[in-house]
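A closer look at the structure
Spelled out, the chains give:
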Amino acid sequence: MNMIDSYRHKGLRKQLVEEIKRKGIRDENVLAAIEKIPRHYFMNSSFIEFAYEDQAFPIDAGQTISQPYTVAFQTELLQVRKGDKVLEIGTGSGYQTTILMELGAKVYTIERQKVLYDKVKSFLPSIGYKPKFFYGDGYLGLHAFAPFDRILVTAGAPYIPEALTSQLKIGGILVIPVGDSMGQEMTTVYKKTETEFEIKQWGGFRFVPLVGDSER
Ligand code: SAH
């Protein structure tokens, strides 16, 4: 793993931030987090030189590190406030986790691929990030630690799992890509009361699928 963050890397990150700004990301805190985190630390060695391209890349277990624009877009929709308790489903490379932590979130992150869980659980603390890690099925949320201010799903879900909306605080926001393997619609669910939700859609994206434990 290349753990040197050089001036060249920093320069490439500045260009990446300009690119995602052009694509419409406005939130200054989100842009600052993207500029700060060395994305190349999270990439597999064969793709490191492409770390600052605005693209998704393969990581272990057939999964992907999301495209920076997508990470920024989801994070912007999540409207994280300092101190928010955030549940992230799909730890993957851990890149998105560190972006949430840069915004001051207390992050609970779940991953169902053991190799990724093991890798990220030792890697993130080594670069100074200590979220709470869980190995399991994110479809179920994290009942024991609910409710959450924010919930972020970073894999494509066929529907909005009821466990997740029920584990959201009133006034809380769930961001989830909803659809099938052909593509998903970025969706926000704002919890108005225990039984009332405001659902909005924000355009098409393409994620690896959210896989339930029964389908393992
Ligand atoms: N946020 C990640 C993106 C990872 S891709 C990053 O920044 O790198 C989506 C991840 O969701 C994959 O690692 C996949 O294994 C995981 N995943 C899929 N279904 C899941 C489930 N039911 N519970 C938890 N994680 C799941």
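Residues numbered from 1 in each chain as written. Predicted model: local features only at pLDDT ≥ 70, side-chain atom pairs only at ≥ 80, totals over all residues. Heavy atoms only, no water.

1. A short note on the overall build of the protein
The cut-off we apply is this: Where helices and strands are cited, they refer to DSSP runs of H or I of at least four residues and of E of at least two residues respectively, numbered from the N terminus. Computation of the radius of gyration draws on C-alpha atoms, with the globule rule given as 2.2 Å multiplied by the number of residues to the power 0.38. Buried, partly exposed and exposed residues are distinguished by accessible area as a fraction of the type maximum, computed with a 1.4 Å probe on protein chains only: under 20%, between the cut-offs, and over 50%, respectively. Here, residues are in contact when the closest pair of their heavy atoms is within 4.5 Å. Every accessible area reported is derived by Shrake-Rupley at a probe size of 1.4 Å, with residue values counting cover from the shown protein chains alone. Charge assignment: positive for Lys and Arg, negative for Asp and Glu; neither His nor the chain ends contribute. Note that the charge is assigned to NZ on lysines, CZ on arginines, CG on aspartates and CD on glutamates.
Of the regular secondary structure elements, the protein holds 6 helices and 9 strands. A compact globule built from 216 residues should have a C-alpha radius of gyration of about 17 Å, and the protein, at 16 Å, falls within 12% of that. Dimensions of the protein along its principal axes, counting C-alpha atoms only, are 50 × 35 × 35 Å. Relative to its 216 residues, the protein shows a buried fraction of 50%. Long-range pairs, those at least 24 residues apart, make up 51% of the contacts in the protein with a sequence separation of at least 6. Element-wise, carbon and sulfur atoms account for 52% of the exposed surface of the protein, whose accessible area totals about 10,300 Å². In the protein, 27 positive and 26 negative side-chain charges are present, and the distance between their average locations comes to 5 Å.

2. A few points about the packing of aromatic side chains
Going by this rule: Pairing of aromatic side chains requires ring centres within 6.5 Å, counting the rings of Phe and Tyr and the six-membered ring of Trp. Pairs whose planes differ by under 30 degrees are stacked, by over 60 edge-to-face, and all others tilted. Counted as over-ring charges are cases with an Arg CZ or a Lys NZ within 6 Å of the ring centre that also lie within 35 degrees of the ring normal.
Taken as a whole, this structure holds 14 aromatic pairs when the rule is applied. Relative to phenylalanine 57, the ring of phenylalanine 47 lies with its centre 5.7 Å away and its plane at 35 degrees, an arrangement referred to as tilted. Placement of the pair is phenylalanine 47 in the loop between helix H2 (28–36) and strand E1 (57–58) and phenylalanine 57 in strand E1, with a sequence separation of 10 residues. Classification of phenylalanine 47 as partly exposed rests on a relative accessible area of 24%. For phenylalanine 57, a relative accessible area of 7% translates into the label buried. For the ring pair tyrosine 69 and phenylalanine 205, a centre distance of 6.4 Å and an interplane angle of 15 degrees mean the geometry is stacked. With tyrosine 69 in helix H3 (residues 68–78) and phenylalanine 205 in strand E9 (residues 197–205), the pair connects residues that are 136 residues apart, well separated along the chain. Residues tyrosine 69 and phenylalanine 205 agree in their burial class; the two are buried. These aromatic residues form a ring-pair network of at least three members: Tyr69, Phe73, Phe205 and Phe207. Here the guanidinium or amino end of lysine 10 rests over the ring plane of tyrosine 7, the centre of that ring lying 5.6 Å away.

3. Describing the sheet that holds strand E5 (residues 132–135)
Under the convention used in this document: Paired strands, in this sense, are two strands between which DSSP finds at least two bridges. Note on method: axes are straight lines fitted to C-alpha atoms, helices fitted across the in-contact stretch only, with angles between N-to-C directions ranging 0 to 180 degrees.
If you trace the 7 strands from one edge of the open sheet to the other, you get E5-E4-E3-E6-E7-E8-E9, paired in mixed fashion. Of all strands in the sheet, those with a lone pairing partner are E5 and E9, marking the two edges. Averaged over all neighbouring strand pairs, the angle between strand axes comes to 15 degrees, with direction disregarded. Alignment of strand E3 (residues 85–89) against strand E4 (residues 106–111), held across 5 bridges, turns out to be parallel. Following the sheet pairing, lysine 85 is matched in E4 by lysine 106. Its contacts with the sheet put helix H5 (residues 114–126) on E4 and E5, and the angle it makes with E5 is roughly 170 degrees.

4. Observations regarding H5
The line we're drawing: Here the expected span of a helix is defined as 1.5 Å times the quantity of residues minus one.
In this model, H5 (13 residues) spans 19 Å end to end at C-alpha, consistent with the 18 Å of a helix rising 1.5 Å per residue. Taken residue by residue, H5 has Leu116, Tyr117, Val120, Phe123 and Leu124 as its buried positions. Positioned one or two residues after H5, glycine 128 has a phi angle of 100 degrees, which is positive.

5. A short note on the nonpolar core
We apply this condition: Residues belong to one nonpolar core when they are buried, are Ala, Val, Leu, Ile, Met, Phe, Trp, Tyr or Cys, and are joined through side-chain atoms within 4.5 Å.
Judged by nonpolar contacts, the single largest core of 46 residues is most densely connected at Ile20, Ile25, Ile34, Phe42, Tyr95 and Leu100. Those elements giving two or more residues to this core turn out to be helix H1 (7–22), H2, H3, helix H4 (95–102), H5 and strand E7 (168–180). Sort the elements by how many residues they give to this core and H3 lands first, with 6 residues. Other than its neighbours up to four places away in sequence, tyrosine 95 contacts Ile34, Ile37, Arg39, Phe42, Ile65 and Val71.

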